[in-house]
Amino acid sequence: MLGINTQKKESAFWDKQKETISVADLKSLQIAKLRESVRFVAEHSDFYRQRKKLLEHDASFNSLDEFSKKIPFTTKEDLLQSELYENLCVPKKNLVEMHSSSGTSAKPVYSFLTKQDIQKSSEYLARTWYMQGVREESLFAMMASYGLFSAGLLNHYAIQQIKSFIIPIGGSSALKTLGILREFSVDSCAAVASYYSYLIAMAKQNNIRLSDLRLRHIIAGGEPFSENQRCYVEKELNAKMYDQYGLCEINTGLAGECAEKNGLHILADYVYPEIVHPASGEVLEENQEGELVLTTFYKQASPLLRYRTGDITSISYASCPCGRTMPRISRIKRRTTDTLFYKGVNIEKPYIAKLIEGLQGYLNPYIWQIELNSDAGRDEAVLKIVLEQSERENALDHITAYLQRSLDFKIKTRVFTADELARLGNSKLKNFLDNRNN
Ligand SMILES: [Zn+2]
């Protein structure tokens, strides 16, 4: 063949200098940026001045340890109790966009952005996407919802830095999405993790051949997924699936897996990550599991110091075979509040997810929902499932017996089609829906 590989060898890095900084240089940079962040909120934020009593001289620490000892945590409850613009650090006229957390709490947490906030976010997040295989020549489909949810727009801007061709699918129907993926030979995409299983189920139900798709890089965020789930999606879609982590209050796309799939490189020159004991708040050592706490370096409008994410992980500064020196956080498997209490039983969410994976073959192990209801004060639990086409006979009997053996509580089972079940969710189907306190 003529003209084989005339392209110049492409770099594995989006910003090699920053991505391969020495750990010592990274730590010096973090101290300098943390001082700036503390000084900035002490000067501009009513929230930090009044509620956290921070003054400019609180920025006079000389080590990361000293920072952790001196600066108090910020919690989601703090933000929910504050006034709308209490933490706003710029004049309102400088705001260009806002996003809100998708939580089910009565009041969402808003994150405001200036033009510079968006520029910084895009500049840093582009690294995560590039690391996960997105290139200028990529045909990329953004399947996360746009709108208030920060994952759509902020990631869209970041991918624009790479100059890829982005198709903003957002919350379009699964059939329309599958049509676009096929028609445009989309090679890279992003969605909440469970959406891929749903797409696969919808393709099968509608006799759409998955082998007609050309996906290579699948990025999943927004919720934890198991290694089994990853294997399933990768096999069905014949592509690599990478985890990504972020949260609205700080930023989407903050950390992502490289090709090694051994932890998520966090943008530690964009945010400062700490791992703390969830109960005592004590800062933990490398590789110890605890709650992730983040401090923003560049956010002008809604900066946060030592924000408790509620996500349980660990951090490692060990070198990665990919060459990046940015530390890696382990994949988030649970949150500090990952337990539901039901009739005196603690329902451990990861345990249930594992249990349902054990029913593979009978039901779709990744599209399901447990709904807890209170009917005239009487709690009841319902498991909503999608049956596999081939195993319909006796499936329900088997599932019921299996659950009875494995659970300390009674649960009713109801069967849905994948489409019906997905329609119950909004941008993502929650595996656990607790209606009892509403
Ligand atoms: Zn790596």
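Predicted, not measured: the structure shown is a model, and the values here were computed from it. (Residues numbered from 1 in each chain as written. Predicted model: local features only at pLDDT ≥ 70, side-chain atom pairs only at ≥ 80, totals over all residues.)

Considering the overall build of the chain
Here is step 1: Helix and strand content of the chain: 13 helices and 21 strands.
Here is step 2: Here the chain has a C-alpha radius of gyration of 23 Å; the compact-globule value for 438 residues is 22 Å, and the two agree.
Here is step 3: Judged by the C-alpha coordinates and their principal axes, the chain covers about 75 × 70 × 40 Å.
Here is step 4: Across the 438 residues that make up the chain, the buried fraction comes to 40%.
Here is step 5: If you take every contact in the chain between residues at least 6 apart in sequence, the share linking residues at least 24 apart comes to 67%. (Helix = DSSP H or I, 4+ residues; strand = E, 2+ residues; numbered from the N terminus. Rg over C-alpha atoms; globule rule 2.2 N^0.38 Å. Buried ≥ 20, exposed ≤ 12 C-beta atoms within 10 Å, placed from the backbone. Contact = placed C-beta atoms within 7 Å.)

Some points on the sheet that holds strand E12 (residues 307-313)
Here is step 1: Read across the open sheet, the four strands follow the order E10-E11-E12-E15; overall the sheet is antiparallel. Among the strands making up the open sheet, the edge pair consists of strand E10 (271-276) and strand E15 (334-335). (Pairing = 2+ DSSP bridges.)

Concerning the sheet that holds strand E6 (residues 217-221)
Here is step 1: The strand order E4-E3-E5-E6-E7-E8-E9-E14-E13 describes an open sheet built from nine strands, whose pairing is mixed. Single-partner strands in this sheet number two, and they are strand E4 (165-167) and strand E13 (315-316).
Here is step 2: Contacts between helix H9 (residues 193-205) and the sheet are confined to strand E5 (188-192) and E6, with E5 contributing the most and set at about 110° to the helix. (Axes fitted to C-alpha atoms, helices over the stretch in contact; angles between N-to-C directions.)

A few points about the nonpolar core
Here is step 1: By size, the foremost hydrophobic cluster in this structure holds 109 residues, and its most contacted members are Cys-189, Tyr-196 and Ile-218.
Here is step 2: Here this core takes nine residues from H9, the largest share from any one element.
Here is step 3: Among all residues touching Ile-218, those that are not within four sequence positions of it are Cys-189, Tyr-196, Val-233, Leu-237, Ala-239, Lys-240 and Met-241. (Core = buried A, V, L, I, M, F, W, Y, C linked by C-beta atoms within 7 Å.)

Section: H9
Three- or four-residue spacings in an α-helix give side chains the same orientation, since the helix completes a turn every 3.6 residues.
Here is step 1: Along H9, 11 of the 13 residues are buried, which leaves the element largely enclosed by surrounding structure.
Here is step 2: Those residues of H9 that sit buried are Ala-193, Ser-194, Tyr-195, Tyr-196, Ser-197, Tyr-198, Leu-199, Ile-200, Ala-201, Met-202 and Ala-203.
Here is step 3: Looking one or two places after H9, you find Asn-207, whose phi comes out positive at around 55°.

A closer look at the environment of Ile-352
Here is step 1: If you trace the backbone, Ile-352 turns up in helix H11 (residues 349-357).
Here is step 2: Look at Ile-352 and you get buried, because 20 C-beta atoms sit within 10 Å.
Here is step 3: For the pair Ile-352 and Leu-407, spaced 55 residues apart in sequence, the C-alpha separation works out to 8.8 Å.
Here is step 4: In this structure Ile-352 touches Ile-347 and Ile-370, once residues within four positions along its chain are discounted.

Regarding the pairing of strand E2 (residues 110-114)
Here is step 1: Within E2, four of the five residues are buried, which leaves it mostly tucked inside the rest of the structure.
Here is step 2: For strand E1 (residues 95-100) and E2, the ladder comprises five bridges, and the chain directions are antiparallel. Opposite His-99, over in E2, you have Ser-111 as the bridge partner.

As for the domain arrangement of the chain
Here is step 1: Domain annotation for the chain reports domain 1 (12-335) and domain 2 (339-434).
Here is step 2: Relative to domain 2, the C-alpha centre of domain 1 lies at a distance of 29 Å.
Here is step 3: Facing the 19 residues of domain 1 at the interface are 14 residues of domain 2.
Here is step 4: Of all elements in the fold, only H9 and helix H10 (227-237) reach the threshold of two or more residues within the side of domain 1 that touches domain 2. (Domains from an automatic or database assignment.)

Remarks on unusual backbone geometry
In most cases, non-glycine residues show a negative phi, while peptide bonds are predominantly trans.
Here is step 1: Unlike most non-glycine residues, Lys-163 shows phi in positive territory, near 70°.
Here is step 2: Inspection of the secondary structure puts Lys-163 in the loop between helix H7 (150-162) and E4.
Here is step 3: Not every positive phi belongs to a glycine, and Asn-207 is a case in point at roughly 55°.
Here is step 4: Within the secondary structure, Asn-207 is located in the loop between H9 and E6.

Comments concerning the environment of Tyr-232
Here is step 1: Mapping Tyr-232 onto the fold places it in helix H10.
Here is step 2: In sequence terms Tyr-232 and Asp-408 are 176 residues apart; their C-alpha atoms lie 29 Å from each other.

Side note on the packing of helix H8 (residues 174-183) against H9
Here is step 1: The contact between H8 and H9 brings their axes to 10 Å, and the two run at 90°. It follows from the interaxial angle that H8 and H9 lie roughly perpendicular. Residues Ala-174, Leu-175, Thr-177 and Leu-178 of H8 pack against Tyr-198, Leu-199, Met-202 and Ala-203 of H9.
Here is step 2: In terms of residue class, the contact of H8 with H9 is made up of seven nonpolar, one polar and no charged. (Parallel < 35°, antiparallel > 145°, perpendicular 65-115°, else oblique. Nonpolar A, V, L, I, M, F, W, Y, C, P; charged D, E, K, R; others polar.)

Digging into the packing of H9 against H10
Here is step 1: Put simply, H9 and H10 touch, their axes get as near as 10 Å, and they point 45° apart. As judged from the angle between their axes, H9 and H10 are oblique. Viewed along their axes, H9 and H10 form a crossing whose handedness is left-handed. Residue-level inspection shows Ala-193, Tyr-196, Ser-197 and Ile-200 of H9 in contact with H10, the latter providing Gln-229, Val-233, Glu-236 and Leu-237.
Here is step 2: Its residues assigned to classes, the contact of H9 with H10 shows five nonpolar, two polar and one charged. (Left-handed = near helix turned anticlockwise from the far one by under 90°.)

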